[in-house]
Structures are given as C-alpha cells and as structure tokens.
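# Examination of the molecular architecture
In case you want the letters, here they are:
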Amino acid sequence: MKKRQKSMTRSLICVAAVLAAIFAVMLLPRFAMVACAAADGTSADTAYEIGLWGDLEAAMKNDRTLKRVDEDADNPTYYRLNADCTASGSDSYILVGNGRHVVLDLAGHKIDRNLDAAKNDGHVMGIDGTLTLTDSSGNDSGRITGGNGKYGGGVSVGGTFNMTGGTISGNEATWGGGVYVVRGGTFSMTGGTISGNEASQGGGVYVSSSGKFNMTGGTISGNEAIQGGGVCVSSSGTFNMTGGTISGNEAFQGGGVCVSSSGTFSMTGGAITGNNGRLEGGGVYCQNSSSVFSISGDPVIRGNVNDGSKNEETGLYTSYELRGEENVWLPSDTFISVIAKPASAMQVGVTTENTPTDDTSVTFAKGTEGNDGY
C-alpha cells in the first residue's frame with residue numbers, strides 16, 4: 001500500500017512539474033521563442049528576430065517586451081526577419097509608431113500585405129517615427145510587397161524613412177505606388193531598389209505636402225504611372241537627387257520624373273536614363289510655370305524617349321515611334337534654373353513646347369541671382 005502511495009505521489013509531482021513548465025512558457029513574452037539567444041536589440045548582431053505578421057506589427061508599434069530601454073535617435077532598436085511575414089485579410093498595416101527609432105533587416109525575407117483589392121489604408125507599412133530599412137541578404141532579395149492603397153502602396157511616410165537596402169516592389173496605389181511621402185515626412189534613399197509598382201501619380205515615389213525625398217543612391221526602375229513613372233513631386237513637395245539611377249520607368253507624362261504644380265526638383269548628380277514618356281517628357285516632365293527644376297554639378301538626363309518600346313533584356317526604353325529621344329520637357333514660360341557652373345560631365349537634353357525658328361529664340365534655362373549667369 002505504501003509503495004502504491006509513493007508511486008502515485010511521484011506521478012503527481014511529475015504531472016505538476018510538466019504543467020508548471022508549460023505555464024511558465026505561456027507567461028514568457030511571445031517573442032522569446034523567436035529571438036536569438038543574445039537578443040537585446042542594441043546592434044545588428046543582437047537584433048530581435050521576428051517571423052510573424054502580428055509580432056512585427058506589435059514590435060514596430062511600441063511593444064515594450066521587444067524594445068531597448070534606452071531607445072532614441074542615437075540608439076535605435078534592431079530587428080531582423082527570420083521568415084516571411086504575410087498578412088491575413090483582417091490584418092492592418094505595420095505602423096512604426098511616433099517616437100520610435102527602429103532598424104529593420106529584411107534578411108532576404110518579405111513583408112507581404114497580400115491585398116487583392118484596394119483599401120484606403122492598404123499600404124504595407126506606415127512610418128510616424130523613424131525606420132531604417134536594410135537587407136543583409138546581399139542581393140536586396142528582401143521585399144516590401146502586396147500593398148494596394150490610396151495613399152501609398154508600399155510605404156507611407158509621415159516621419160523619417162531611411163532606405164539602405166532591400167526592395168519595394170509589386171505594390172499599387174493612387175498616389176505613390178512604392179513610397180508616399182507627405183505631411184513633412186522625409187525619405188532618404190542611399191541603396192536598395194524600388195521597382196514594379198504602379199500608381200496614378202508617382203509609380204515609384206510620390207512626394208507632396210512639405211514632404212522631402214533625398215536620393216543619393218539606389219535604383220528606381222520598372223514602375224508605371226499616369227504622371228511620374230519613377231517619381232512625382234507635387235504641391236510643396238521637394239525631391240533632391242545627388243546620386244542613384246532612375247531608369248526603365250513609364251508614364252504618360254514624365255517617364256522618369258514628373259515635376260507637377262508647385263513641386264520642386266533639384267538634381268546635382270545621378271542619372272535619369274531609358275525612361276518612356278508616352279505623351280511628353282521621357283526623362284523629366286515639368287507641368288507648368290510653378291514647377292521648379294534646378295540643376296548643377298554633373299547630372300545625366302539622356303537616352304529617354306517619347307512613345308518608346310522596352311528592351312526586355314535591359315529593361316530600358318530605347319526605340320521610339322513619334323518624336324524620338326525626349327529627355328526634359330518644358331512647356332511655355334517654364335525654365336530650368338542652373339544654380340551653379342555645370343560640371344564637364346553634365347548631360348541634359350531639353351525639348352521645349354515652342355520650337356525655335358530662324359527669327360525667334362526659346363529660353364529654356366536661366367542662371368540664379370548671384371551665380372554669375374550660370
């Protein structure tokens with residue numbers, strides 16, 4: 001009898017131990033089972049690892065279980081994907097909350113909103129805080145994709161978005177198929193790719209309402225729109241291009257870049273090549289006299305076409321049917337501001353609405369005050 005009681009006691013103790021262990025695991029933060037052993041979010045080597053949409057949504061917003069305690073602009077929290085994060089029908093977009101400072105490594109994985117139909121808030125990610133996007137895959141195979149919204153398809157920026165790697169592709173929107181920058185937001189692109197997105201304005205990037213886009217590197221290619229296949233800047237938006245490439249994009253107006261009403265585009269470097277404007281402006285289209293376009297340094301705007309066809313091997317538009325090569329389109333009373341002496345490597349082709357004749361000339365560029373007429 002005593003042996004049976006001891007046996008039953010041992011069994012009960014074992015059951016209790018198992019239940020206690022299960023209960024303890026359930027009480028752990030839900031991220032603990034996917035975070036790397038040394039994870040504290042303080043560096044790329046100790047990044048928190050995430051592989052589920054819901055976990056990513058919570059972490060980006062402000063989840064205290066996966067955020068370094070001293071997070072600020074100089075000490076961001078690091079995250080890394082360890083699997084594809086795909087939304088279900090009821091999932092909302094991923095929001096980087098106001099005040100957050102985050103570095104996200106796609107690590108070759110995708111963040112997929114998975115939308116078949118358009119929604120007002122159908123973008124994949126929204127940024128009110130600060131996000132730096134990287135991709136340690138080495139080939140920018142990590143993607144932000146599957147968005148279908150009104151205000152941005154891939155990323156909607158009202159805070160600060162720094163893109164150093166990865167790809168934003170396969171998104172659709174009314175404004176900003178790839179990236180939508182408004183409300184004083186800032187988008188800085190030093191690397192990565194924005195490709196294969198569609199929109200009415202700004203197939204790759206749309207900038208408006210005091211938003212700012214700074215491009216020093218990376219590639220914007222293969223996007224489509226009605227205005228601004230690569231980039232559309234409008235209504236107090238600013239686009240500064242000092243490097244990178246805008247190529248192989250298509251639009252009715254501004255295959256590469258559309259400078260719409262009250263938009264500002266400054267170009268001091270980089271290249272806009274092989275884009276197609278089906279109606280006007282294969283490279284850059286300036287809509288009217290309120291469109292501000294300034295150049296200096298060594299920008300290249302060449303090899304863009306009007307009503308061209310794509311070379312499927314290179315992805316660039318090369319052949320044409322109507323007016324041929326058309327790089328910068330300037331309507332009447334619209335000028336390029338040359339803000340400094342051009343470098344010897346500058347190459348900018350210009351087509352004006354009014355054609356010069358033997359008796360009349362057309363002014364298409366003016367120097368700014370204080371720059372000796374350049």
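Residues numbered from 1 in each chain as written. Predicted model: local features only at pLDDT ≥ 70, side-chain atom pairs only at ≥ 80, totals over all residues. Heavy atoms only, no water.

### Points about the overall build of the protein
- Of the regular secondary structure elements, the protein holds 2 helices and 40 strands.
- Considering the protein as a whole, with its 374 residues, one finds that 47% of them fall into the buried category.
- Contacts in the protein between residues at least 24 apart in sequence constitute 77% of all its contacts with a sequence separation of at least 6.
- Carbon and sulfur atoms provide 49% of the accessible area of the protein, an area that totals close to 16,600 Å². (Helix = DSSP H or I, 4+ residues; strand = E, 2+ residues; numbered from the N terminus. Buried < 20%, exposed > 50% of the residue type's maximum accessible area, 1.4 Å probe, protein only. Contact = heavy atoms within 4.5 Å. Areas by Shrake-Rupley, 256 points an atom, 1.4 Å probe, with all protein chains shown as cover.)

### Overview of the confidence of the model for the protein
- Averaged over every residue, the pLDDT of the protein is 83; residues scoring 70 or more account for 76%.
- For residues 1-37, every residue scores under 50 in pLDDT, and the model assigns this stretch 17 contacts once sequence neighbours within four places are set aside.
- Throughout residues 357-374 the model reports pLDDT below 50, and contacts reaching past four residues in sequence, or to other chains, amount to 30 contacts. (pLDDT = per-residue confidence, 0-100.)

### Considerations on the state of the cysteines
- Under the defined criterion, the tally for this structure stands at 0 disulfides.
- Not engaged in a disulfide, the cysteine Cys 232 finds its nearest cysteine sulfur in Cys 258; these two sulfurs lie 4.2 Å apart.
- Judged by its relative accessible area of 0%, Cys 232 is buried.
- The class for Cys 258 is buried, based on a relative accessible area of 0%. (Disulfide = S-S within 2.5 Å.)

### Let's talk about the pattern of salt bridges
- Inspection of the entire model under this criterion finds 6 salt bridges.
- Among the ionic pairs, Lys 110 bridges to Asp 112, the shortest N-O distance being 3.7 Å. (Salt bridge = Lys/Arg side-chain N within 4 Å of Asp/Glu carboxyl O.)

### So, the pairing of strand β12 (residues 160-163)
- Here β12 shows a buried face lined by Phe 161 and Met 163 and an unburied face lined by Thr 160 and Asn 162.
- Pairing analysis gives 4 bridges linking strand β8 (residues 130-134) to β12, with the strands arranged parallel. Residue pairing across strands places Leu 133 opposite Met 163, the latter belonging to β12.
- Here 4 bridges tie β12 to strand β16 (residues 186-189), and the two strands are oriented parallel to one another. (Pairing = 2+ DSSP bridges.)

### Overview of the packing of aromatic side chains
- If you walk through the whole model with that rule in mind, you get 9 aromatic pairs.
- With centroids separated by 5.0 Å and ring planes inclined at 5°, the aromatic side chains of Phe 265 and Phe 293 adopt a geometry described as stacked. In this pair, Phe 265 sits in strand β28 (residues 264-267) while Phe 293 sits in strand β32 (residues 292-295), placing the two residues 28 residues apart along the sequence. Like Phe 293, Phe 265 is buried.
- Members of the aromatic cluster, joined through ring pairs, are Phe 161, Phe 187, Phe 213, Phe 239, Phe 265 and Phe 293. (Phe/Tyr/Trp six-rings, centres within 6.5 Å; stacked < 30°, edge-to-face > 60°.)

### Observations regarding the side chain of Asp 135
- The residue Asp 135 is located in the loop between β8 and β9 (143-145) in this model.
- As a buried residue without a salt bridge, Asp 135 has its nearest oppositely charged side chain in Arg 143, at a separation of 9.1 Å.
- Only 3.1 Å separates the side chain of Asp 135 from the backbone nitrogen of Ser 141, close enough to count as a polar contact.
- Of note is the side chain of Asp 135, whose polar atom sits 2.7 Å from the backbone nitrogen of Gly 142. (Lys, Arg positive; Asp, Glu negative; His and termini not counted. Polar contact = N/O pair within 3.5 Å; in protein donor to acceptor, adjacent residues only side chain to side chain.)

### Points about helix α2 (residues 53-61)
- Every buried residue belonging to α2 is among Trp 53, Asp 55, Leu 56, Ala 59 and Met 60, and all of these are buried. An end-on view of α2 places all buried positions within 160° of arc, on one side of the element.
- Tucked into the core, α2 has its buried residues touching β1 (48-50), β2 (77-81), β3 (85-86), β4 (94-96), β5 (101-105) and β6 (110-112). (Arc of directions from axis to C-beta.)

### A word on the side chain of Ser 156
- Position of Ser 156 relative to the elements: it lies in strand β11 (residues 155-157).
- We classify Ser 156 as buried; its relative accessible area is 10%.
- For Ser 156, the residues in contact, after removing those within four places along its chain, are His 123, Met 125, Gly 126, Ile 127, Tyr 151 and Tyr 180.

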